[in-house]
Amino acid sequence: MQDIVKIVREKINPDEILASVADDRAGGTAVFIGTTRNHSQGAPVEYVEYEAYEPMAIGIMTDIARTARFRWELFGLSAVHRVGRVDVGEAGVVIAVSAAHRAGAFEACRYLIDAVKKDAPIWKKEVYAGKQTWVGL
Amino acid sequence: MQDIVKIVREKINPDEILASVADDRAGGTAVFIGTTRNHSQGAPVEYVEYEAYEPMAIGIMTDIARTARFRWELFGLSAVHRVGRVDVGEAGVVIAVSAAHRAGAFEACRYLIDAVKKDAPIWKKEVYAGKQTWVGL
Amino acid sequence: MRVLVFGGVREIVGSDSVEVELAGGATSEDVLNALAAAHPALGRWRPFLRVAVNRQYAPEPTRLSPGDEIAVIPPVSGG
Amino acid sequence: MRVLVFGGVREIVGSDSVEVELAGGATSEDVLNALAAAHPALGRWRPFLRVAVNRQYAPEPTRLSPGDEIAVIPPVSGG
């Protein structure tokens, strides 16, 4: 099964992502969904806006995915990041992996989201009432 | 938000479970789905059959859920185990939690599935071509 | 006393509950011993069986009271 | 040389790419220095900026070649 790595503008459908990692050999599937919180730094957030350097983000995420698949012998792997406006409660990122057992699935899923957050050239701007902040810069 | 702890006979719908833990305060949602593998101990599995001591299983899972919610300050928590026949690729158990950040979500989800597997009075029989084995006994 | 049984134990016993004769003051351990005596096929599983009293794992031995809900819990394998 | 910029840097610069004058043999570090010189508001971010060359993080300093795709990468915050 191929790794699925995508940057999308539209809402992410977790059901589709789950279906994309289904595999009859798998005993465990772990999923992480990162959603826009209704507050940050003590202030109410209206929405966030993600921006990506898309071709590089896809390249970095593809490398990360390859590493995880090899290290945890994954069956299915899907990593999808959304860009543009993401409202409170909506998913900005969904990562799903299927593996023989739960330990590998959990570890791989955690590794993937940590590595994507650390290295993928994607930026989040939090929009508050009348104020905007790029997280990190 | 109340913990959701259930034992069901019908197919588990992961979308419903995800919706049940959605919370505008949450930044991270972690989900684990345990599925029937097409082989075990080197032999092809046809399906598995789960049996539960239901009132006790609900009691134990409720205690585990309460512990996790308190320890990781969870917003949403859903733990659903299926009983009866579960075919290859279908989910026998789904655990989902939402938390402020990803670390808590991952740790709580892992704790929950580990504790359910260790303590909930639920039994799995693997059915192979012409052979059946209760896992553990 | 009526004892609930599950999984592999249920299949060996051939029913989802069994009547076990116990003297007054019997404990959870007596339940397992009586069951193993009545069903020799359970012998090798005896060390792995636990007893739940009123839907809670009972430290062994636990003194039983009339009206208690007693269950024999083979090694669990959910999840 | 044309340099792609993103996020907070893009907003400070006011465009998603900028033309940066570089001498022959320039490096990724020269890109950051030239950009910071042209946009003083970037000064305090300078230590946190990285350069990507051809869509890969470039160890600093990396010698640039004509035709390279150069991008300035502010601290990332995806996920």
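In the block above lies the structure referred to throughout.
About the cut-offs
Residues numbered from 1 in each chain as written. Chains lettered and ligands numbered in written order. Predicted model: local features only at pLDDT ≥ 70, side-chain atom pairs only at ≥ 80, totals over all residues. Heavy atoms only, no water. Helix = DSSP H or I, 4+ residues; strand = E, 2+ residues; numbered from the N terminus. Contact = heavy atoms within 4.5 Å. Salt bridge = Lys/Arg side-chain N within 4 Å of Asp/Glu carboxyl O. Polar contact = N/O pair within 3.5 Å; in protein donor to acceptor, adjacent residues only side chain to side chain. Pairing = 2+ DSSP bridges. Core = buried A, V, L, I, M, F, W, Y, C linked by side-chain atoms within 4.5 Å. Buried < 20%, exposed > 50% of the residue type's maximum accessible area, 1.4 Å probe, protein only. Buried area = accessible area lost by both parts, 1.4 Å probe. Axes fitted to C-alpha atoms, helices over the stretch in contact; angles between N-to-C directions. Disulfide = S-S within 2.5 Å. Parallel < 35°, antiparallel > 145°, perpendicular 65-115°, else oblique.

K.L.:
Whenever I open this one, the environment of Val13(D) confuses me. Can you help?
P.N.:
The topology assignment puts Val13(D) in helix 1 (residues 7–13). With residues up to four places along the chain from it excluded, the contact list for Val13(D) reads Val5(D), Val18(D), His39(D) and Leu42(D).

K.L.:
Help me out: how do you make sense of the interface of chain A and chain B in this one?
P.N.:
It is common to give the size of an interface as the accessible area that goes away when the parts come together. With 31 residues of chain A in contact, the opposing surface of chain B contributes 31 residues. Our enumeration of links across chain A and chain B arrives at two salt bridges. For the salt bridge of Arg102(B) with Asp114(A), the shortest nitrogen-to-oxygen distance reads 2.7 Å. Along the contact surface separating chain A from chain B lie 13 residue pairs in polar contact (both at pLDDT 80 or more). If you list the elements that add at least two residues to the side of chain A that touches chain B, you get helix 1 (14–21), strand 2 (28–35) and helix 3 (102–119) of chain A. Here strand 2 of chain A runs beside strand 2 (residues 28–35) of chain B; their pairing, made up of seven bridges, is antiparallel. The residue bridging Thr29(A) from the neighbouring strand is Ile33(B), located in strand 2 of chain B.

K.L.:
Teacher, can you tell me more about the nonpolar core here?
P.N.:
Generally speaking, a soluble globular protein has its nonpolar side chains buried in company with each other. Counting residues in each nonpolar core, the largest one holds 90 residues, and the members touching the most others are Tyr53(A), Val97(A), Tyr53(B) and Val97(B). Apart from residues no more than four positions distant in its own chain, Tyr53(B) is found in contact with Pro121(B), Trp123(B), Leu4(C), Phe6(C), Ala52(C), Arg55(C), Glu69(C), Ala71(C) and Ile73(C). Within the second largest apolar cluster, 22 residues are counted, among which are Ala91(A), Leu18(B), Val31(B) and Val94(B).

K.L.:
Got a minute to help me understand the interface of chain D and chain A in this structure?
P.N.:
In this complex, chain D contributes 23 residues to the contact, which on the side of chain A involves 23 residues. For the pair chain D and chain A, the summed buried area comes to about 2000 Å², and 60% of that belongs to carbon and sulfur atoms. Between Glu11(D) and Lys125(A) there is a salt bridge, and its shortest N-O distance comes to 2.8 Å. Where chain D meets chain A, there are 14 residue pairs in polar contact (both at pLDDT 80 or more). For the side of chain D that touches chain A, the secondary-structure elements that each account for two or more residues are helix 1, strand 3 (50–53), strand 4 (56–57) and strand 5 (70–73) of chain D. Top element by residues in the side of chain D that touches chain A is helix 1 of chain D. It accounts for five residues.

K.L.:
Before we go on, may I ask you to explain the sheet that holds strand 1 (residues 2–5) of chain C in this structure?
P.N.:
Whenever strands of a sheet pair, they do so through backbone hydrogen bonds, lying parallel or antiparallel. All names here are of chain C. A sheet is described by the order of its strands in space; here five strands give the open sequence 2-1-5-3-4, paired in mixed fashion. Every other strand in the sheet has two partners, leaving strand 2 (17–19) and strand 4 (56–57) as the edge strands with one partner each. This element, helix 2 (residues 28–38), spans strand 1, strand 2, strand 3 (50–53) and strand 5 (70–73) of the sheet and lies at about 65° to strand 5.

K.L.:
Is there a simple way to explain the sheet that holds strand 7 (residues 91–99) of chain B in this structure?
P.N.:
Here eight strands make up an open sheet; going across it, the order is 1(A)-5(A)-7(A)-2(A)-2(B)-7(B)-5(B)-1(B) and the pairing mixed. Edge positions in the sheet fall to strand 1 (4–8) of chain A together with strand 1 (4–8) of chain B, since each has one partner strand and no second. Neighbour-to-neighbour, the strand axes of the sheet open up by a mean angle of 10°, direction not taken into account. Contacting strand 1, strand 2, strand 5 (76–82) and strand 7 (91–99) of chain A together with strand 2 of chain B, helix 1 of chain A crosses the sheet at an angle of about 155° to strand 5 of chain A. The strands that helix 2 (residues 54–72) of chain B touches are strand 1 and strand 5 (76–82) of chain B; relative to strand 1 of chain B, the one it contacts most, it runs at about 155°.

K.L.:
When you look at the state of the cysteines in this model, what are you seeing that I'm missing?
P.N.:
For the structure shown, the criterion picks out zero disulfides over all chains. Cys109(A) takes part in no disulfide bond, and the closest cysteine sulfur to it belongs to Cys109(B), at a distance of 9.1 Å. Owing to a relative accessible area of 0%, Cys109(A) belongs among the buried residues under this scheme.

K.L.:
Help me understand the packing of helix 3 of chain A against helix 3 (residues 102–119) of chain B, please; the structure alone is not making it clear to me.
P.N.:
When two helices pack together, you describe them by how their axes are tilted relative to each other and by the distance separating the axes. Where helix 3 of chain A contacts helix 3 of chain B, the axes come no closer than 11 Å and their chain directions differ by 180°. Considering the angle they form, helix 3 of chain A stands roughly antiparallel to helix 3 of chain B. Residues Arg102(A), Ala103(A), Phe106(A), Cys109(A), Arg110(A), Ile113(A), Asp114(A) and Lys117(A) of helix 3 of chain A pack against Arg102(B), Ala103(B), Phe106(B), Cys109(B), Arg110(B), Ile113(B), Asp114(B) and Lys117(B) of helix 3 of chain B.

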